[in-house]
Amino acid sequence: MMIEHLSSHGLSVRAGGTLREMKDALQAQTPNILILDPTLPDGNALPELADLRQRFPSMGIVVVTGRIQLQDRVRSLGSGADYYLTKPLKLPELSATLTALSRRLRTAPGTAAPAQVTWKFDRKTGNLTGPEGITLTFTDRESRIFSALLESPHFPISNTRLLQTLGVLNDRLDTHRVDALVYRIRRKLRALPGVPIGIRNIYSEGYICTHTNAIDFVQIAE
């Protein structure tokens, strides 16, 4: 396992090793950014992404892989990866990615550590359930966007990445489709008493999900 440091930002970066070594290392010390090749000597790390995002919500995750299939990219980004880079990878591209991610880490709004689960979002049904039986229902596309935002509580997600979670091909990217979906999600969230959950637009970065002190954490059910 290799640890590097972004000297200009003071952020630790961890990369390499095996699946077991990665889990052991993360238990011992959580880096600011994890660089992950899903194809590890002792297993595939892609199924671990959602769990990693849930357990380490403030950690940046960069997937670097030889897998170029769209479904792998969509699955990785939808499960919580912040960036998906394909090999062969040039050092300037990796450096620029880490710089952009470190900037998000530095500018992300602070969030208190979760104390208890008061809200639950079910991806399959699209139901967001809160205290006292409060329930909102989202369509499949709205659910994909909302789930991606919930899984990245500290980092804004770009329109392009949100489109990729919908399975949209690169040559058909239309960011206005994301804006329309976010508008519909926002309209539904505003129906909640006190509007405890919202979505902010971060200029030139994308969207980020926010919440008030009325809730501690949103649990995502598979």
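Here we summarise the structure given alongside this text.

**Examining helix 7 (residues 175-189)**
Helix length check: helix 7 (15 residues) gives 21 Å between terminal C-alpha atoms against 21 Å at 1.5 Å per residue, within 8%. Looking at helix 7, one finds that the buried residues are Val178, Leu181, Val182, Ile185 and Leu189. Mapping the buried residues of helix 7 onto a view down its axis gives an arc of 100°, with all of them on the same face. Here the buried face of helix 7 lies against strand 9 (127-129), strand 10 (135-137), helix 5 (140-150), helix 6 (159-165), strand 11 (197-202) and strand 12 (206-211).

**Quick notes on the packing of aromatic side chains**
Geometry of an aromatic ring pair is reported as the spacing of the ring centres plus the angle between the planes. Taken as a whole, this structure holds three aromatic pairs when the rule is applied. A centroid spacing of 5.0 Å and a plane angle of 85° characterise the contact between Phe121 and Phe146, whose relative ring orientation is edge-to-face. Taken together, the residues span a long stretch of sequence, with Phe121 in strand 8 (residues 119-122) and Phe146 in helix 5 at a distance of 25 residues. Taking the relative accessible area as the measure of exposure, Phe121 reaches 0% and is therefore buried. Members of the aromatic cluster, each reached through a chain of ring pairs, are Phe121, Phe138 and Phe146.

**Details of the pattern of salt bridges**
Per the stated rule, a full pass over the model turns up nine salt bridges. The partner of Asp72 in a salt bridge is Arg67, with the nearest N and O atoms 3.9 Å apart. Judged by its relative accessible area of 11%, Asp72 falls in the buried class. Of the residues examined, Arg67 reaches a relative accessible area of 26% and is grouped as partly exposed. For the salt bridge of Arg184 with Glu142, the shortest nitrogen-to-oxygen distance reads 2.9 Å. Remark: Glu142 occurs in helix 5 and Arg184 occurs in helix 7; sequence separation between them is 42 residues. Classification of Arg184 as partly exposed rests on a relative accessible area of 31%.

Definitions and cut-offs
Residues numbered from 1 in each chain as written. Predicted model: local features only at pLDDT ≥ 70, side-chain atom pairs only at ≥ 80, totals over all residues. Heavy atoms only, no water. Helix = DSSP H or I, 4+ residues; strand = E, 2+ residues; numbered from the N terminus. Expected span 1.5 Å × (residues − 1). Buried < 20%, exposed > 50% of the residue type's maximum accessible area, 1.4 Å probe, protein only. Arc of directions from axis to C-beta. Contact = heavy atoms within 4.5 Å. Phe/Tyr/Trp six-rings, centres within 6.5 Å; stacked < 30°, edge-to-face > 60°. Salt bridge = Lys/Arg side-chain N within 4 Å of Asp/Glu carboxyl O.

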